[in-house]
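One-letter residues, chain by chain:
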Number of protein chains: 2
Amino acid sequence: MLQYNRLMSIDVRHPKELRAAIRGGKLTRTTAGLAPDYVQANLAVLPKEQAYDFLLFCQRNPRSCPLLEVTDAGSAEPKGVAPGADLRTDIVKYRIYKHGEVVDEVTDATAYWRDDLVAFLLGCSFTFEQAMVQAGVRLWHLENEKAVAMWRTNIECRPAGVFHGPMVVSMRPIRPGDLSKAVTASARFPGAHGAPVHIGDPAAIGITDVQKPHYGDAQHMASGDIPVFWACGVTPQAVALASKPPFMITHSPGHMFITDLPNSALSAL
Amino acid sequence: MLQYNRLMSIDVRHPKELRAAIRGGKLTRTTAGLAPDYVQANLAVLPKEQAYDFLLFCQRNPRSCPLLEVTDAGSAEPKGVAPGADLRTDIVKYRIYKHGEVVDEVTDATAYWRDDLVAFLLGCSFTFEQAMVQAGVRLWHLENEKAVAMWRTNIECRPAGVFHGPMVVSMRPIRPGDLSKAVTASARFPGAHGAPVHIGDPAAIGITDVQKPHYGDAQHMASGDIPVFWACGVTPQAVALASKPPFMITHSPGHMFITDLPNSALSAL
């Protein structure tokens, strides 16, 4: 919390209030720092026709795709994680895709909603980062208001139907003295990517230049820092788009859905 | 392990050897005590037509339905947990259901296999019981070669499509001094039902007589013992059969599928 408080604007209102403010157009920022004790989620919306394969892909790749919620076809209410919420209006910004290409970016997805759509909500890194910060782990990107560094790796996801592709990972430089805490604090949250998938040599997972991420910002590695890699929620989005589904809706980067689940609800211990 | 060694026949061959012996008809016993350091799994096989709803039901009820594997339609190979195995032959005994009724019990399910079948493997209590025993927790039913006690509860599962019904729980009497260890040892295994869903008063979850289980054996409660309840793998089978699917295959009670996953693979920490 210290790191967040120092550098990031924190809003500790309850998720219900925050979602109402988003729905009413009164809150338009990215969601980092909003209700930091509650689980935020990645959104992926697909037609029912693709839903079985995508659900199976998530089941087979739980580190990359920690599923928190799947709505009934046509319903925009995530009954399990935020009863009463509306996934068409309660996210700040959405991207609309056709055949894998962005065709629109909107603040209200109601006009694009259809009776055959299934919404998937997936756990995100905010949950385990919060746990690491609370355990005393220093995270450079939070202290410097940057994004994490992300790469496509040589780790193949287990395919399911039309969906296949490499695991995307995020990297955070960790001080040697913080490494045990970073592992145990994140491992407690299998619902939010869990423990690191790799620690150390970037080349071992196919990363040739640790200063040149495929997505996000390059990280500052202080002397002795160890690069630590976690499965990243960009994976399912990248895999879904690579299959060029006829239609898909996602949240816009940084603008997550805020659930009613306290972070502790995802803790295994 | 002490409890197992004292009273139960242990076979520590690798799962591959045990499955070969089962396939060849040379091993016909129940699987308790076989390869105790490896994950055993419940089997449910359904036509593709019911597979989406069942997969969604498992996603929505992870405590009762900890999914370990879902095969591609028509494939009997559980590639994720036991590559090379054959789910039609590598289980000792199967039950064949039509419209929710048992129509056959067989030692080889090949004759019943179809191109549209999807096999689901779900984590089972052996994994967390082994963890509790290794943590020093005494378990009456293991020491006395009984089954656990099981009840349908007043806890409704979250429905998905055609599947709905109450959570079935298993109960083990725990000594007060063992309670913390019982909780933490089982909580480490969210892939095998995880932490207890209830501790103490049976009436709170709709159980009227703790000496009269709906399934399994009544447990001996020593003075001071606390009844501890875990979500049970009977839930998905009961829920699936209650929907009277046209066709379904399961393992026969006590005759689980033995995977290549060490128990530690399911541990969150």
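Note that the coordinates shown come from a computational prediction; the quantities given were computed from them, not determined experimentally. (Residues numbered from 1 in each chain as written. Chains lettered and ligands numbered in written order. Predicted model: local features only at pLDDT ≥ 70, side-chain atom pairs only at ≥ 80, totals over all residues.)

## Considerations on the domain arrangement of chain A
Quoted interface sizes are often the accessible area lost when the parts come together. Residue and element names in this part refer to chain A. Taken as a whole, chain A is organised into domain 1 (2-124 + 240-266) and domain 2 (126-236). Taking only C-alpha atoms, the centre of domain 1 and the centre of domain 2 are 21 Å apart. Counting residues at the interface gives 31 residues for domain 1, matched by 29 residues for domain 2. If you tally residues by element for the side of domain 1 that touches domain 2, the top one is helix 3 (residues 48-60), at seven residues. (Domains from an automatic or database assignment. Contact = placed C-beta atoms within 7 Å. Helix = DSSP H or I, 4+ residues; strand = E, 2+ residues; numbered from the N terminus.)

## Notes on the relation of the copies chain B and chain A
Superposition record for chain B on chain A: RMSD 0.0 Å, screw rotation 180 degrees, translation along axis 0.0 Å. Considering both components of the superposition, the chain copies are consistent with a two-fold axis. In terms of proximity to the rotation axis, the leading residue of chain B is B:Y52, whose C-alpha is 2.8 Å off the axis. Of the residues that chain B buries at the interface, 100% are likewise interface residues in chain A, meaning the two copies contact each other through the same surface. (Least-squares fit on C-alpha atoms with pLDDT ≥ 70 in both.)

## Details of the sheet that holds strand 10 (residues 226-231) of chain A
All names here are of chain A. With antiparallel pairing, five strands are arranged side by side in an open sheet as 8-10-7-6-9. In the strand order of this sheet, the two ends are held by strand 8 (198-199) and strand 9 (215-216), each with one partner. Summarising the sheet, strand 6 (residues 149-156) and strand 7 (residues 166-174) pair through five bridges and their orientation is antiparallel. Counterpart to E156 in the pairing with strand 7 is P166. Packing against the sheet, helix 7 (residues 234-242) makes contact with strand 6, strand 7, strand 9 and strand 10, and its axis sits at approximately 155 degrees to strand 7. (Pairing = 2+ DSSP bridges. Axes fitted to C-alpha atoms, helices over the stretch in contact; angles between N-to-C directions.)

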